[in-house]
Amino acid sequence: MTLPGSKFYDVVVLGAGAAGMMCAIEAGKRGRSVAIVDHSPSAGDKIRISGGGRCNFTNINASAKNFISKNPRFAISALSRYTQRDFIALVERYGIAYHEKTLGQLFCDGSAKQIIEMLVAEMLRHGVELRLGTEIKRVEHRVDGGFRVALSTGDVVCKSLVIATGGKSIPKMGATGFGYEIASQFGLKLVETRPGLVPLTFDPATLARLEPLSGIAVDAVAQHGKTRFAEAMLFTHRGLSGPAILQISSYWREGDEITLSMLPGIDVFATLKAAKAERGKQALQTVLATLLPKRLAQLIAEAEQGPANLADFSDKALRRVEAATNAWRVKPLGSEGYRTAEVTLGGVDTDELDPKTMAAKAVPGLHFIGEVVDVTGWLGGYNFQWAWSSGWVAGQAV
Ligand code: FDA
């Protein structure tokens, strides 16, 4: 029975982010009555700040290999049914100009706002009711199998409920653990959450030593176990950042070491040996500074505390310099946490969900999509692709 004043919808989507909007559009297209609810007064806040304001909205190379999950195969179905090409076609239909920045990453030429405007226009075109600036107080399972959602503006009742409230990253932007609480309320398992795509921090002693390097960027390979990323790396006043570090941070755990190669592709030992033979009177620092930023070269040379001339360096010492540049093993103290993390690893355990519909196997009509699920992409447009793909498949099923 519907209480007076509680409006009925076929579908209620909680969270007007990337995944929620895509799901609402698709459900609306299929003739469902849809409401989308968000406590923020505007839709797609993370889209607006993404990609430095230009939104890296997908990656042309996206496949399940670019995602981290307890079950790496879970994402295959959604990613293959709604692909990056499908989203690119939508962007092109709206005449939004874009470019590939690097490594298949597609960004708007103009502004991320164009993506939000496109999604909002699509929602309105397909009759989706936007209930923004609305607090969600409670979710109840009804005896008829539907759901009642208590909102600050009154109750709504629905047949299908879609949880698209994202992860915990950047609480200042309205991120909450709401989706995980709903999963727990319905008895669904969670995979432990932790910050991903996040800068790593050093202990005070290491920081003091590396302080002069703050602001320096190098092309590097960051490695953890067998996983490696070749991208830029940045020394910061807290530790390390830049794409290579953000990528590896999603694999790193407290107490682990990472290995950094700051001259990837260069045989440092052979280069130094040749320099020793040809320019033996030069200082190590001078030779290193032809390959690396000056302050970094200086720090590596100082750490070696070797002789004044390169000519007097033993092979063993040159090997140590090689290790310091191309196999630098560091143990970060921690990460900057959810305050700056781009994503949340872990979330609703994929064992609990049907990959074709994103519905909870044990609770028909309850769907989880986007970042709240234990599927996390690499840096480079993959997380939005997961939001579009998982939102799209749920939109076909609700
Ligand atoms: P998303 O977080 O987008 O949306 C969740 C919505 O739920 C929000 O609107 C929120 O207000 C709402 N909500 C949460 N709790 C609620 C509650 N209790 N009540 C009501 N509403 C609630 N990815 C990428 O592929 N390319 C990129 O360029 C970037 N760039 C980027 C930059 C920065 C700074 C960050 C933090 C993240 C990125 N990302 C990214 C990651 C990407 O933004 C992220 O993976 C997606 O936005 C996830 O989409 P969802 O729809 O799942 O959640």
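Since we're looking at a predicted model, the values are computed, not measured.

(A) Local environment of the site of the ligand. Residues in close proximity to the ligand total 29 residues, the closest being D38, N56, T176, E371 and F384. Here H39 contributes a backbone N or O atom positioned 3.2 Å from a nitrogen atom of the ligand. Interatomic distance of 2.7 Å between a side-chain N/O atom of T176 and a nitrogen atom of the ligand. When the free accessible area of the ligand is taken as 1000 Å², the share hidden by the protein chains comes to 92%.

(B) Layout of empty space enclosed by the protein. Per the stated rule, a full pass over the model turns up one cavity of 30 Å³ or more. Approximately 40 Å³ is the volume attributed to the largest cavity. Together, F202, L207, L210, E211, S214, F235, T236 and G239 line the largest cavity. Grouping the amino acids of the lining of the largest cavity by side-chain chemistry returns four nonpolar, three polar and one charged.

(C) Spatial organisation of the UniProt feature "domain: RsdA/BaiN/AoA(So)-like insert" (unreviewed entry) in the protein chain. Taking the numbering used here, the UniProt-annotated feature "domain: RsdA/BaiN/AoA(So)-like insert" (unreviewed entry) corresponds to residues 194-343. End-to-end, the C-alpha atoms of residues 194-343 are 9 Å apart, and along that stretch the chain is 35% helix and 23% strand.

(D) Fine view of the domain arrangement of the protein chain. What the domain assignment reports for the protein chain is domain 1 (7-195 + 341-397) and domain 2 (199-335). Distance between the C-alpha centres of domain 1 and domain 2: 40 Å. On the side of domain 2, eleven residues touch domain 1, which itself brings eight residues to the contact. Summed over both partners, the interface of domain 1 with domain 2 comes to about 850 Å²; 52% of that surface belongs to carbon and sulfur atoms. Remark: the boundary between domain 1 and domain 2 carries zero salt bridges. Our count for the contact surface shared by domain 1 and domain 2 stands at four residue pairs in polar contact (both at pLDDT 80 or more). Split by residue class, the side of domain 1 that touches domain 2 holds six nonpolar, one polar and one charged.

(E) Expanded view of the pairing of strand β9 (residues 147-151). Of all five residues making up β9, five are buried, and the element is well covered by its neighbours. By the alternation rule, side chains of β9 split into F147, V149 and L151 and R148 and A150, which are all buried. Summarising the sheet, strand β8 (residues 136-141) and β9 pair through five bridges and their orientation is antiparallel. The partner of I136 across the bridge, within β9, is L151. What sits between β8 and β9 in their antiparallel hairpin is a turn of five residues, with G145 showing a positive phi close to 95°. The turn joining β9 and strand β10 (residues 154-163), which pair antiparallel and follow one another in sequence, is formed by two residues.

(F) Structural view of the pattern of salt bridges. Scanning the entire structure with this criterion turns up 19 salt bridges. Of the charged contacts, one joins R148 and D155 as a salt bridge, the two residues approaching to 3.3 Å between their closest N and O atoms. Judged by relative accessible area, which is 9%, R148 ranks as buried. For D155, a relative accessible area of 23% corresponds to the partly exposed category. With a closest N to O distance of 2.9 Å, R329 and E257 form a salt bridge.

(G) Summary view of the sheet that holds strand β18 (residues 334-335). Pairing in this open sheet of seven strands is antiparallel, and the strands run β17-β16-β13-β14-β15-β12-β18 from one edge to the other. The open sheet has two edge strands, β17 (328-330) and β18, and neither has a second partner. Each of β16 (258-261) and β17 is contacted by helix α12 (residues 315-326), which is oriented at about 105° to β16, the strand it contacts most.

(H) Seen up close, the UniProt feature "domain: RsdA/BaiN/AoA(So)-like Rossmann fold-like" (unreviewed entry) in the protein chain. The feature "domain: RsdA/BaiN/AoA(So)-like Rossmann fold-like" (unreviewed entry), as given by UniProt, occupies residues 10-396 in the numbering adopted here. As annotated, residues 10-396 has a helix share of 32% and a strand share of 26%, and its two end C-alpha atoms lie 13 Å apart.

(I) Expanded view of the layout of surface pockets. The space that makes up the second largest pocket amounts to roughly 150 Å³. Taken together, I68, S69, K70, V191, E192, R194, R253, L345, G346 and D374 make up the lining of the second largest pocket. Where the lining of the second largest pocket is concerned, the elements lending two or more residues are β11 (190-196) and β19 (343-348). Here the lining of the second largest pocket takes three residues from β11, the largest share from any one element. Residue composition of the lining of the second largest pocket, by class: three nonpolar, two polar and five charged.

(J) Layout of the confidence of the model for the protein chain. Of all residues in the protein chain, 99% have pLDDT values of 70 or greater, and the mean over the chain is 97. The ipTM for the predicted assembly is 0.99, set against a pTM of 0.97.

Quick notes on the rules
- Residues numbered from 1 in each chain as written.
- Predicted model: local features only at pLDDT ≥ 70, side-chain atom pairs only at ≥ 80, totals over all residues.
- Heavy atoms only, no water.
- Near = heavy atom within 4 Å.
- Polar contact = N/O pair within 3.5 Å; in protein donor to acceptor, adjacent residues only side chain to side chain.
- Areas by Shrake-Rupley, 256 points an atom, 1.4 Å probe, with all protein chains shown as cover.
- 1 Å grid on protein atoms, 1.4 Å probe; cavity = no way out; pocket = protein on both sides within 12 Å on 5 of 7 lines; lining within 4 Å.
- Points joined across faces, edges and corners; volume = space filled by probe spheres on them.
- Nonpolar A, V, L, I, M, F, W, Y, C, P; charged D, E, K, R; others polar.
- UniProt positions renumbered as here; feature names shortened; annotations may be inferred.
- Helix = DSSP H or I, 4+ residues; strand = E, 2+ residues; numbered from the N terminus.
- Domains from an automatic or database assignment.
- Contact = heavy atoms within 4.5 Å.
- Buried area = accessible area lost by both parts, 1.4 Å probe.
- Salt bridge = Lys/Arg side-chain N within 4 Å of Asp/Glu carboxyl O.
- Buried < 20%, exposed > 50% of the residue type's maximum accessible area, 1.4 Å probe, protein only.
- Pairing = 2+ DSSP bridges.
- Axes fitted to C-alpha atoms, helices over the stretch in contact; angles between N-to-C directions.
- pLDDT = per-residue confidence, 0-100.

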